[in-house]
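Now for the letters of each chain:
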Amino acid sequence: MPDASHAATAHSHADRTARIALAALLAGALGIAFSPIFVRLSELGPTATAFWRVAFAVPALALWMRLEPDSGLRSRRPSTMADYLRLTAVGLFFAGDLASWHWSIKYTSVANATLLANFAPIFVAPVSWLLFKERFTRTFVAGLVLAIAGAVVLMGQSFKLSTDALFGDALGLVTAMFYGGYILAVGRLRSEFSTATIMTWSGGVTAVALLPLALYSGESLVVGTAYGWAILLGLALFSHAGGQSLIAYALAHLPASFSSVSLLVQPAAAAVLAWALLDEPLGPWQAAGAVIVLLGILLARRGSR
């Protein structure tokens, strides 16, 4: 009986942890859903805005890392070259995600760039299966397909394929590949390092990688108004330090494949926020797409192991 009681307690604790992680994941997705709003309101170009997004977040993240206790397997500090290389890889994946997405907007429509950038699950699931031996139920696969279909419906009225925009569309898919790599890398590192450690080190690498790209683009790095700086701070602290950190926390407790599907809630939330804050139209097709995305996430959750 004591063994059965212990097993029941452990199972209950695992369920509670998973529920908290799912709530954190969805809250993080909501946080990054604000990022297109901040980018739209920014007084700087897209690449310069991406640079300040991480550059302003790093000091806050570093303070968090400094203050957190150094105890337990998951909160150890990086100490070997291999540790630093893996943390650097996370930062480079995220730099590639931001840079390719912002450049895709220059060569294709915002709708195309946004939709294609959210196709990370189609890369995360196969890699998780091939490299990490993760197994999927039919219910999970059905949920993945349904969520992606919902994203297509959500953006479908604005999505247009054109031979003139093939390069930009390709960059949109490259964005999804980079973000898929980011999700997988963070998910693996969270078994060893805390959220603050991963976010601080990867954020610093991302900022260093984006700075020359911003300078090469010819965009100004200096904002002329206090309002402009406030927008950049909001993007850095709310969307990156807040939203991305919540996602990184959740990746320690949820499968990367399911997490990537759940993050499809981001374009749905962004559409609602754009309607509420920027008076952008929200038609019945967009509303239907958002509902389909949510149903797909619920189905994927039911089918996740």
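Conventions used here
Position numbers for residues start from 1 in each chain and track the written sequence from start to end. The predicted nature of this model means local features are confined to residues of pLDDT at least 70 and side-chain atom pairs, given and counted, to a pLDDT of 80 or more, with totals for whole chains, interfaces and linings taken over all residues. Computation of side-chain values: all heavy atoms of the structure, hydrogens and water removed. Each helix corresponds to a stretch of at least 4 residues labelled H or I by DSSP, and each strand to a stretch of at least 2 residues labelled E; elements are numbered beginning at the N terminus. Should any heavy atoms of two residues lie within 4.5 Å, those residues are counted as being in contact. Per-residue and other accessible areas follow the Shrake-Rupley method at a 1.4 Å probe size, with only the shown protein chains counted as cover for residues. Salt bridges are identified by distance alone: a Lys or Arg side-chain nitrogen within 4 Å of an Asp or Glu carboxyl oxygen. With a 1.4 Å probe rolled over the protein chains alone, any residue whose accessible area is under 20% of its type maximum counts as buried; one over 50% counts as exposed, and the rest are partly exposed. Between rings of Phe, Tyr and Trp, where Trp is taken as its six-membered ring, a pair exists when centres lie within 6.5 Å; planes separated by under 30 degrees are stacked, by over 60 edge-to-face, and by other angles tilted. Each ring is checked for a lysine NZ or an arginine CZ that lies within 6 Å of its centre and within 35 degrees of its normal; such an atom marks a charge sitting over the ring. Convention adopted: a line fitted to C-alpha atoms gives each axis, helices being fitted over their contacting stretch, and angles between N-to-C directions are expressed from 0 to 180 degrees. In what follows, roughly perpendicular refers to angles from 65 to 115 degrees, roughly parallel to angles under 35, roughly antiparallel to angles over 145, and oblique to any angle outside these ranges. Handedness of each helix crossing follows the sense of rotation of the near helix against the far helix: counterclockwise by less than a right angle gives left-handed, clockwise gives right-handed. Charged means Asp, Glu, Lys or Arg here, nonpolar means Ala, Val, Leu, Ile, Met, Phe, Trp, Tyr, Cys or Pro, and polar covers whatever is left, Gly included. The sign given to each residue is positive for Lys and Arg and negative for Asp and Glu; His and the chain ends receive no count. Whenever two N or O atoms come within 3.5 Å, that pair is a polar contact, provided that in protein one can donate a hydrogen and the other can accept it, and provided that, for residues adjacent in sequence, both atoms are side-chain atoms.

### Quick notes on the overall build of the protein chain
- When helices and strands are tallied, the protein chain shows 14 helices and 0 strands.
- Overall, the protein chain shows an N-to-C arrangement of helices and strands of α-α-α-α-α-α-α-α-α-α-α-α-α-α.
- Counted over contacts in the protein chain with a minimum sequence separation of 6, partners at least 24 positions apart contribute 88%.
- By element, 70% of the accessible surface of the protein chain is carried by carbon and sulfur atoms, the whole surface being about 14400 Å².

### Quick notes on the pattern of salt bridges
- Counted by the stated rule, this structure contains 5 salt bridges.
- Between E192 and R76 there is a salt bridge, with its nearest N and O atoms 2.7 Å apart. Of the two residues, E192 sits in the loop between helix 9 (166-189) and helix 10 (195-216) while R76 sits in the loop between helix 4 (57-67) and helix 5 (81-107), which places them 116 residues apart along the sequence.
- For R76, a relative accessible area of 24% translates into the label partly exposed.
- In this structure, a network of salt bridges that share partners links the residues R76, D83, R86 and E192.

### Concerning unusual backbone geometry
- One non-glycine residue, K133, lies in the positive phi region at around 60°.
- Mapped onto the elements, K133 comes out in the loop between helix 7 (121-132) and helix 8 (138-156).

### Considering the packing of aromatic side chains
- Summed over the entire model, instances satisfying the criterion amount to 9 aromatic pairs.
- Three or more aromatic residues joined by ring pairs form one cluster here, namely F51, W52, F56 and W229.
- A cation over a ring is seen here: R301 above F258, with NZ or CZ 5.5 Å from the ring centre.

### Section: the packing of helix 3 (residues 46-55) against helix 5
- Axis separation between helix 3 and helix 5 bottoms out at 9 Å; the angle between their running directions is 155°. Between helix 3 and helix 5, the angle falls in the class roughly antiparallel. Read as a crossing pair, helix 3 and helix 5 show a hand that is right-handed. Of helix 5, the residues touching helix 3 (which contributes P46, T47, A50, R53 and V54) are F94, L98, H102 and W103.
- Its residues placed into classes, the contact of helix 3 with helix 5 shows 6 nonpolar, 2 polar and 1 charged.

### A closer look at the side chain of R190
- Its place among the elements puts R190 in the loop between helix 9 and helix 10.
- Despite its burial, R190 pairs with no opposite charge, the nearest such side chain being E68 at 7.9 Å.
- A polar contact of 2.9 Å, which involves the side chain of R190, links it to the backbone oxygen of F193.

### Some points on the environment of L184
- Looking at the element boundaries, L184 is found in helix 9.
- Look at L184 and you get buried, because its relative accessible area is 11%.
- For the pair L184 and A125, spaced 59 residues apart in sequence, the C-alpha separation works out to 9.7 Å.
- With residues up to four places along the chain from it excluded, the contact list for L184 reads V124, V127, S128, F132 and A256.

Read these as geometric descriptors, not functional statements.
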